[in-house]
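Structural characterization, general
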Amino acid sequence: MGDDAAMAGLASSLNVACGFHAGDPSVARATCRAAVEHGTAIGAHVAYPDLQGFGRRRLEMAHHELVDAVIWQIGALQAIARAEGAQVSYVKPHGALYNVIARERGQAAAVAEGVATALPGAAILVLPGSVIEEEAQAAGLRPVREAFADRGYLPDGSLVPRREAGAVLHDPEQIAARVLRMVSEGVVQAVDGTPVRLGAESVCVHGDTPDAVGIARAVRGALQEAGVEIAPFTAQ
């Protein structure tokens, strides 16, 4: 879906699909190998079991089912990473799961429990001010607030649904300028012009966004030109 090897040389960390919404053992191992070659951190990109919908459809799962699904995905990627002499150092929920646990405590608690069981004390990427941020802290995890370079924001700080206009941004220079403001001011402009305060520690570029490599290159260049140090949050 994208040039993962090129992204590994631009990003400071890679969210690697664990087979539930995308990827397979060989894709995961090749991606982990690229991460190792570039000194890039590896994260488990856990999702609902939804290959047909690329993990972007909500699923109703019992608490224990979601806990087990998270443990399974992290464990699988951890084994693949170790085969390349690396390890999974954080977790990033994907798609519909990410959005659901931002606002619903039941599923957020299940994800936090699954991560804490498989990777005690690990970092987990969260939407600022979300329910999963609270549940992660309660489970002894390190919630890391993230911002999205290539996604539109609503005034309440949530993401514009992908089916709506303005959900995905495409212009690399516009995105780079926007990320620079996120980093320097902690603010992003919502679709209606409202400034939204983020306080993020990490910035996400989606690997399946058209010209993701160009976007990542523009963002990295803008940050470096401004004197911003780019490093995996897991190293802090």
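The name given to the protein in an unreviewed UniProt entry is 5-oxoprolinase (ATP-hydrolyzing) subunit A, with the source organism recorded as Rothia kristinae.

Let us now look at the overall build of the protein. Helix and strand content of the protein: eight helices and eight strands. Against the compact-globule benchmark of 18 Å for 236 residues, the protein has a radius of gyration of 17 Å, which places it among compact chains. Across the 236 residues that make up the protein, the buried fraction comes to 51%. Long-range contacts, defined here as pairs at least 24 residues apart, represent 70% of the contacts in the protein between residues at least 6 apart.

Looking now at the nonpolar core. Counting 48 residues, the largest nonpolar core has I42, L77 and V111 as its most contacted members. Taken together, domain 1 (1-145) and domain 2 (149-229) each give at least three residues to this core, which thus spans both. Core analysis: the second largest hydrophobic core is formed by 23 residues, A190, L198, C204 and V219 among them.

So, how was this worked out
- Residues numbered from 1 in each chain as written.
- Predicted model: local features only at pLDDT ≥ 70, side-chain atom pairs only at ≥ 80, totals over all residues.
- Heavy atoms only, no water.
- Helix = DSSP H or I, 4+ residues; strand = E, 2+ residues; numbered from the N terminus.
- Rg over C-alpha atoms; globule rule 2.2 N^0.38 Å.
- Buried < 20%, exposed > 50% of the residue type's maximum accessible area, 1.4 Å probe, protein only.
- Contact = heavy atoms within 4.5 Å.
- Core = buried A, V, L, I, M, F, W, Y, C linked by side-chain atoms within 4.5 Å.
- Domains from an automatic or database assignment.

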